[in-house]
Amino acid sequence: MKTYNKLIISLFAFLLASNLSVAQVSYEENESNSKLMVTGTSSIHDWEMAVEDYDCLVSASADENQQISIESIKFSCLAESITSDNKIMDNKAHKALDSDDHPKISFSADATVSATTNSLTKTKGKLQIAGKEKEVELEFTVAEAKDDQFKVSGKIPVKMSDFGIDPPTAMMGTLKTGDEVFIHFDIVLQNMQTSKAN
């Protein structure tokens, strides 16, 4: 009887340890090692703008094979933190994004998806820009998967007209911005508990 009880206790301990090893953990962006930008085209030249102020929170777990199971993604940034080295361009972009009435751009996804290191992974989520919301497909790859951090990289194509945005123009209409832009991300996500401990 004692042997049976010991076996049950050992089995319970093993199952508990296994569950803890794959428990969902909250990860947040490590800004110093991350990069987020928006690129597009115009009738004269291509352009790019950096996103300087954003928050990214991911609930995920990593196993010993460096496979990441992502349960949810929450992202937001200030529209006016999207800037270039041209103030006129910045002002036109912020006006087009209606940043006064809709200061934040956000993305959220709640479907569980498994991502294997260095392979393309897809999920869908809701992107909100200028007060308009639309479901978009997010494609990304995972790298540097560890217990305390991992990196996600990819890009999202976005048509401004889908969000009711008129592509900005300049120089009395001679410069016209293309309707489609790309949101590029290369974000290192750090385990929040590890981050606070350091």
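Higher on the page you've got the structure.
Keep in mind that what you see is a predicted model, and the values were worked out from it rather than measured. (Residues numbered from 1 in each chain as written. Predicted model: local features only at pLDDT ≥ 70, side-chain atom pairs only at ≥ 80, totals over all residues. Heavy atoms only, no water.)

Student: Tell me about the pattern of salt bridges, residues and numbers included.
Tutor: One pass over the full model with this rule turns up 2 salt bridges. The salt bridge partner of Asp-110 is Lys-74, with a shortest N-O separation of 3.4 Å. Taken together, the residues Asp-110 in the loop between strand S7 (104-109) and strand S8 (113-116) and Lys-74 in strand S5 (residues 67-78) connect sequence positions 36 residues apart. Judged by its relative accessible area of 53%, Asp-110 falls in the exposed class. Judged by relative accessible area, which is 40%, Lys-74 ranks as partly exposed. Across the pair Glu-139 and Lys-122 runs a salt bridge, and its minimum N-O distance is 3.5 Å. Remark: Lys-122 occurs in strand S9 (residues 120-129) and Glu-139 occurs in strand S10 (residues 132-143); sequence separation between them is 17 residues. In this structure Glu-139 comes out as partly exposed when scored by relative accessible area, which is 30%. (Salt bridge = Lys/Arg side-chain N within 4 Å of Asp/Glu carboxyl O. Helix = DSSP H or I, 4+ residues; strand = E, 2+ residues; numbered from the N terminus. Buried < 20%, exposed > 50% of the residue type's maximum accessible area, 1.4 Å probe, protein only.)

Student: With reference to specific residues and values, describe the packing of aromatic side chains.
Tutor: Pairs of aromatic rings are described using the distance from one ring centre to the other and the angle between the two planes. In total, this model carries 2 aromatic pairs according to the counting rule given. Where Tyr-27 meets Phe-150, the ring centres are 4.9 Å apart and the plane angle is 70°; that geometry is what we call edge-to-face. Here Tyr-27, found in strand S1 (residues 25-29), pairs with Phe-150, found in strand S11 (residues 149-159); they are 123 residues apart in sequence, far enough to count as distant. Of the two residues, Tyr-27 and Phe-150, neither departs from the other in class, the shared state being buried. Residues Tyr-54 and Phe-75 carry aromatic rings whose centres are separated by 5.9 Å and whose planes lie at 35° to one another, so their mutual orientation is tilted. With Tyr-54 in strand S4 (residues 54-62) and Phe-75 in strand S5, the pair connects residues that are 21 residues apart, well separated along the chain. Sitting above the plane of the Phe-182 ring, Lys-155 keeps its charged end 4.8 Å from the centroid. (Phe/Tyr/Trp six-rings, centres within 6.5 Å; stacked < 30°, edge-to-face > 60°. Lys NZ or Arg CZ within 6 Å of the ring centre and 35° of its normal.)

Student: Can you explain the side chain of Ser-42? Please cite residues and give values.
Tutor: Tracing the backbone shows Ser-42 in the loop between strand S2 (35-40) and strand S3 (47-51). Using a relative accessible area of 16% as the deciding quantity, one classes Ser-42 as buried. A polar contact of 2.5 Å, which involves the side chain of Ser-42, links it to the backbone oxygen of His-45. If we ignore the near neighbours within four places in the chain, the residues touching Ser-42 are Trp-47, Leu-175, Lys-176, Thr-177 and Gly-178. (Polar contact = N/O pair within 3.5 Å; in protein donor to acceptor, adjacent residues only side chain to side chain. Contact = heavy atoms within 4.5 Å.)

Student: Tell me about unusual backbone geometry, residues and numbers included.
Tutor: Positive phi is not limited to glycine here, since Asn-118 has a value of about 65°. Of note, Asn-118 is situated in the loop between S8 and S9. Despite not being glycine, Ala-130 shows a phi value in the positive range, around 50°. Mapped onto the elements, Ala-130 comes out in the loop between S9 and S10.

Student: Talk me through the pairing of S2; I want residue IDs and the actual numbers.
Tutor: Most of S2 is tucked away, with 5 of its 6 residues classed as buried. Relative to strand S14 (residues 180-191), S2 runs antiparallel, the two being bridged by 5 bridges. Bridging across to S14, Thr-39 finds its partner in Phe-182. Relative to S3, S2 runs antiparallel, the two sharing 4 bridges. By the bridge assignment, Met-37 is partnered in S3 with Ala-50. Hairpin connection from S2 to S3: 6 residues lie between these consecutive antiparallel strands. (Pairing = 2+ DSSP bridges.)

Student: Before we move on, can you summarise the nonpolar core with the specific residues and values?
Tutor: One recurring pattern in soluble globular proteins: nonpolar side chains tend to sit buried together. By size, the foremost hydrophobic cluster in this structure holds 45 residues, and its most contacted members are Val-58, Ile-68, Ile-129 and Phe-150. Not counting chain neighbours up to four residues away, the residues in contact with Ile-68 comprise Ala-60, Ser-61, Ala-62, Val-113, Ser-114, Ala-115, Val-142, Ala-145 and Phe-150. (Core = buried A, V, L, I, M, F, W, Y, C linked by side-chain atoms within 4.5 Å.)

Student: Break down the pairing of S1 for me, citing the residues and quoting the values.
Tutor: Sheet topology note: the S1/S4 ladder contains 4 bridges and is antiparallel. In the strand pairing of S4, Ser-26 is matched with Ser-59. Bridge count for S1 against S14 is 3 bridges, and the pairing is antiparallel. Of the residues in S14, the one forming a bridge with Tyr-27 is Asn-191.

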